[in-house]
Protein chains: 2
Amino acid sequence: MVRSSLSGFPELLPAERFAELSILDTLRHTFELHGFSPLETRAVETLDTLAKKGETSKEVYSLSRVNAQAGDKVDSLGLHFDLTVPFARYVVENSGHLVFPFKRYQIQKVWRGERPQEGRFREFTQADIDVVGQDTLPFHYEVELPLVMAEALAQLNVGQFLVQVNNRKVCEGFYRGLGIEDVAGTLRTIDKLDKIGAENVARVLVEEIGTTSEQAEAALRLAEIAGDDAAAIVDQVRSLGVTHHLLTEGLGELHDLLAEAQSRRPGAVRAVLKIARGLDYYTGSVYETLLVDHEDLGSVGGGGRYDSLATSGKKTYPGVGVSIGVTRLLSRLLRDAEVSRPVATTVLVAVANEEDRHRSNVIAQALRERGIPADVAPSAAKFGKQIRYADRLGIPFVWFPGDNQVKDIRSGEQLAADPITWAPPADDLYPRTTFTQGVQSS
Amino acid sequence: MVRSSLSGFPELLPAERFAELSILDTLRHTFELHGFSPLETRAVETLDTLAKKGETSKEVYSLSRVNAQAGDKVDSLGLHFDLTVPFARYVVENSGHLVFPFKRYQIQKVWRGERPQEGRFREFTQADIDVVGQDTLPFHYEVELPLVMAEALAQLNVGQFLVQVNNRKVCEGFYRGLGIEDVAGTLRTIDKLDKIGAENVARVLVEEIGTTSEQAEAALRLAEIAGDDAAAIVDQVRSLGVTHHLLTEGLGELHDLLAEAQSRRPGAVRAVLKIARGLDYYTGSVYETLLVDHEDLGSVGGGGRYDSLATSGKKTYPGVGVSIGVTRLLSRLLRDAEVSRPVATTVLVAVANEEDRHRSNVIAQALRERGIPADVAPSAAKFGKQIRYADRLGIPFVWFPGDNQVKDIRSGEQLAADPITWAPPADDLYPRTTFTQGVQSS
């Protein structure tokens, strides 16, 4: 992962790529098990589409053809910087071909021209799941999505994690109940609590957002509330004595989310009422996920409910989504990951002399036909050298074609075997990835 | 596949993406079974790196940051237009971490700013396999690669295909034996045989390349030779009466390739001596693959042997590779592909009323824990409406949680079932893709 001859564009060695594939396979499998359809969008969007989410437009890489001619029609194109903007465009374009609510997962690279730093890249892979409705979308999907994310992280065996949740209606209703007018400004300020501290948040709220010091104080007390017990969270918020219909609605939703999470996956989901998430378009539940032993890495997955992913004519598309930062996650996990070998090959078939290579080819093919990855030695060198080649690649077995003997080069054990029937132990069939960080922390 | 709101940038519907995933999974599995390690490189290269293969530089998309500041350090970057140039760069950068001969597969998108047309896109997926040696690479890999490509295409079940092979040494040795000096020019001209016809080739050879008419005639006779019988091909070339040490060497290689192919996969590989392939850097075997029922689509896979993929200091990296045009293949196969459903979900668990959604969630989770894709109905509508929702998505089973009954909505059959033990027929567990074009032609 440290290999990067171009700052911000990480590249992997083959063993590390196996580790990444194990993550991508697990995510895909988990998402498909939960009824999310696979989707990819093109890497390229028009700059107009990308500019719709103005705040990140400065990170966009735009494209031009190196040898474009003067008369060429030029599209103004850029690389997508997330998977939400392209998905919104796709849903509007293809709504007639989709069944709503439409659940999709999308695992793709995205690009941002940001300054690279720890856990932050210019090219990286995101894994998004969203459920999008046409005009309406039931609340229960806001309960489902963080649980699918939790299931995915549990399957990845990445160590202890925490899905932190909040609900925008709780914050907005609470602020409105207090008489605060600049709800967005208050949210944005509360979002800085961990960075600048309570005193500074209170000062900014009063001096810049225009709240009274009592309003600021109450907003901070709301932000202090955290826990995973549904009823206790509701009680704590109510005890602050603020009432507003939006607060009541939001508290009901937060309660139901926590209660279902507590029943289905105890300890994985926790209400943290200071979680705001920067993006203005969230309107209900919001999520932000941490690795407990790597809090410094920041959020490895987040998202929330939005009432309007896109609009088209009279139709609106409300949705709820989460996005997992695969490359960020991987960059940390690879520090202590162990991959059993950098190649799938389970058996290296030796070659006694080049004239007999065909015989070795046939043995390897017989193994492959039964799903056993097999390769043939690169040259008819001395068997010791062929075994060393296997050893350097971590290939566990070498097959000697003359008398059909197979040797476990780790133990030295050698047995007669038939390529039509022999099979390796299941654990040796395919490279295994162990994220030891995860094991240590569990 | 016709869906493309931006010319040359195709996008798929979920069912079509399942078809694409079935292709990508099969390719990956086949490549891994044969000992190729997984690799991805960044999408971005420096323009210097991309320009090393000058002939395609006009197709490059270059990148710039939309809001770059005047003082910013600017890298001159572009999107890769193939997977060979990035791989060469990667091998040189990481040679100390790789075991040679290094076998890798790489399945990624590439971008070319070309004019889009049938089977030709601006963003498309390639699947490449290469074997690269350090300083030397044995010939037998030139036999292996087309057989792996043939195995992959056979596994894809895309109908009849033909891997056409030739050997640059045969052509070059033959031309030199004839006394032709401009070997590259002759190759380039012969490559146009199908486009401009024998008469025009002969005229260009004489008038522009400077051969005699006898030399042109002999070169054309070589180009007419084709067949899959190793000995017969050698005899036909020899009967033309030209001798040269490079011709002898190339004929030996072509013979060995055909003989092994004939033994391992009869009928899949055919010598076609007019195949030249445009790229100058091939030095031995070259390959070009057609779908027999879709010759108009052009090559769906090609490649060859190159003596110098890259050089670094005193080291050179000879290799042999093939590249499969996944998007081109898919664009044609999707015309008649059938995908059983656009979502993995095998079972939709109905919801009697919203208060009981938790019960349905638990049933779905029990099914998923045994690997059965399950989803819960979007709303507690009348069961008839929930069944119609399943039907629209092609989900074969609906589960009624009240009395735990599962209904096959295709047959109407309904049975009592336990979510801890029930399993669907194996064929219903996951969406199936049938490339009917392939079946029809077999």
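Residues numbered from 1 in each chain as written. Chains lettered and ligands numbered in written order. Predicted model: local features only at pLDDT ≥ 70, side-chain atom pairs only at ≥ 80, totals over all residues. Heavy atoms only, no water.

Chain A has the name Histidine--tRNA ligase in an unreviewed UniProt entry, where Bowdeniella nasicola is given as its organism. Regarding chain A, the UniProt comment filed under Sequence similarities (unreviewed entry) reads as follows: "Belongs to the class-II aminoacyl-tRNA synthetase family." Among the UniProt annotations of chain A, the heading Subunit (unreviewed entry) holds the following wording: "Homodimer." (UniProt positions renumbered as here; feature names shortened; annotations may be inferred.)

Colleague: Residues and numbers for the pairing of strand β3 (residues 61–65) of chain A, please.
Modeller: Two faces, one strand: in a regular strand the side chains alternate between the faces of the sheet. As paired elements, β3 of chain A and strand β3 (residues 61–65) of chain B share five bridges and run antiparallel to each other. Bridging across to β3 of chain B, Ser62 of chain A finds its partner in Ser64 of chain B. (Pairing = 2+ DSSP bridges. Helix = DSSP H or I, 4+ residues; strand = E, 2+ residues; numbered from the N terminus.)

Colleague: Could you give an account of the relation of the copies chain B and chain A, naming the residues involved and the relevant values?
Modeller: Expressed as a screw transformation, the operator carrying chain B onto chain A has a rotation angle of 180° and an axial translation of 0.0 Å, and the superposed copies differ by an RMSD of 0.0 Å. The two molecules are tied by a two-fold rotation axis, judged by turn and shift. In terms of proximity to the rotation axis, the leading residue of chain B is Leu63 of chain B, whose C-alpha is 2.4 Å off the axis. Taken together, the interface assignments show that 100% of the residues at the interface of chain B recur at the interface of chain A, consistent with an identical surface on both copies. (Least-squares fit on C-alpha atoms with pLDDT ≥ 70 in both. Contact = heavy atoms within 4.5 Å.)

Colleague: Go over the sheet that holds strand β9 (residues 269–272) of chain A with me, naming the residues and quoting the values.
Modeller: Residue and element names in this part refer to chain A. In space, the nine strands of this open sheet follow the order β1-β5-β6-β12-β11-β10-β7-β9-β8, with mixed pairing throughout. Two strands lie at the open edges of the sheet, namely β1 (37–38) and β8 (226–227), each paired on one side alone. Judged from the nine bridges that link them, strand β11 (residues 301–312) and strand β12 (residues 315–325) form a sheet pairing that is antiparallel. Looking at the pairing, Gly303 lines up with Val322 of β12.

Colleague: Tell me about the interface of chain B and chain A, and please be specific about residues and values.
Modeller: Facing 87 residues of chain B, the contacting portion of chain A comprises 87 residues. Ranking the residues of chain B by area buried against chain A places Glu11, Leu33 and Arg42 of chain B at the top, with a combined share of 9%. For Asp375 of chain A, the salt bridge is made with Lys103 of chain B, and the minimal N-O distance between the two is 2.8 Å. Inspection of the region where chain B meets chain A yields 44 residue pairs in polar contact (both at pLDDT 80 or more). No other element matches the eight residues that helix α1 (residues 14–33) of chain B contributes to the side of chain B that touches chain A. (Buried area = accessible area lost by both parts, 1.4 Å probe. Salt bridge = Lys/Arg side-chain N within 4 Å of Asp/Glu carboxyl O. Polar contact = N/O pair within 3.5 Å; in protein donor to acceptor, adjacent residues only side chain to side chain.)

Colleague: Residue-level account of empty space enclosed by the protein, with values.
Modeller: Evaluation of the coordinates by the stated rule reveals two cavities of 30 Å³ or more. Empty space within the largest cavity amounts to approximately 1000 Å³. Every residue lining the largest cavity is counted, 46 residues in all, and those nearest its centre are Arg17, Leu24 and Glu40 of chain A together with Glu40 and Ile107 of chain B. Looking at the lining of the largest cavity, the elements that each hand over two or more residues are α1 (14–33), β5 (102–111), β6 (123–132) and α11 (326–333) of chain A together with α1, β5 (102–111) and β6 (123–132) of chain B. A class-by-class count of the residues in the lining of the largest cavity yields 20 nonpolar, ten polar and 16 charged. As for the second largest cavity, its lining consists of 15 residues, and the residues nearest its centre are Glu40 of chain A together with Pro10, Leu12, Glu20 and Lys109 of chain B. If you list the elements that add at least two residues to the lining of the second largest cavity, you get α1, β6 and α11 (326–333) of chain B. (1 Å grid on protein atoms, 1.4 Å probe; cavity = no way out; pocket = protein on both sides within 12 Å on 5 of 7 lines; lining within 4 Å. Points joined across faces, edges and corners; volume = space filled by probe spheres on them. Nonpolar A, V, L, I, M, F, W, Y, C, P; charged D, E, K, R; others polar.)

Colleague: Now, about the UniProt feature "binding site: L-histidine" (unreviewed entry) in chain A: what can you tell me, with residues and values included?
Modeller: All names here are of chain A. Under the local residue numbering, the UniProt record ascribes the feature "binding site: L-histidine" (unreviewed entry) to Asp82, Leu83, Thr84, Arg112, Gln126, Asp130, Arg277, Tyr281 and Tyr282. Note that Asp82 resides in the loop between β4 (77–79) and α3 (84–94). Asp82 sits in the buried class, given a relative accessible area of 5%. Here the side chain of Asp82 touches Thr84 through a polar contact of 3.2 Å, landing on its backbone nitrogen. Relative to the helices and strands, Leu83 is located in the loop between β4 and α3. If sequence neighbours within four positions are ignored, Leu83 has contacts with Arg104, Gln106, Gln108, Val110, Gln126 and Asp128. (Buried < 20%, exposed > 50% of the residue type's maximum accessible area, 1.4 Å probe, protein only.)

Colleague: Let's hear about unusual backbone geometry: which residues, and what values?
Modeller: Cis geometry marks the peptide bond from Phe100 of chain A to Pro101 of chain A, where omega comes out at -5°. In this fold, Pro101 of chain A is placed in the loop between α3 and β5. Phi at Asp135 of chain A takes a positive value of approximately 75°, unusual for a residue other than glycine. Residue placement: Asp135 of chain A occurs in the loop between β6 and α4 (140–156). Its relative accessible area of 43% is what places Asp135 of chain A among the partly exposed residues. Even without being a glycine, Asn157 of chain B presents a positive backbone phi close to 60°. Relative to the assigned elements, Asn157 of chain B resides in the loop between α4 (140–156) and β7 (161–167).

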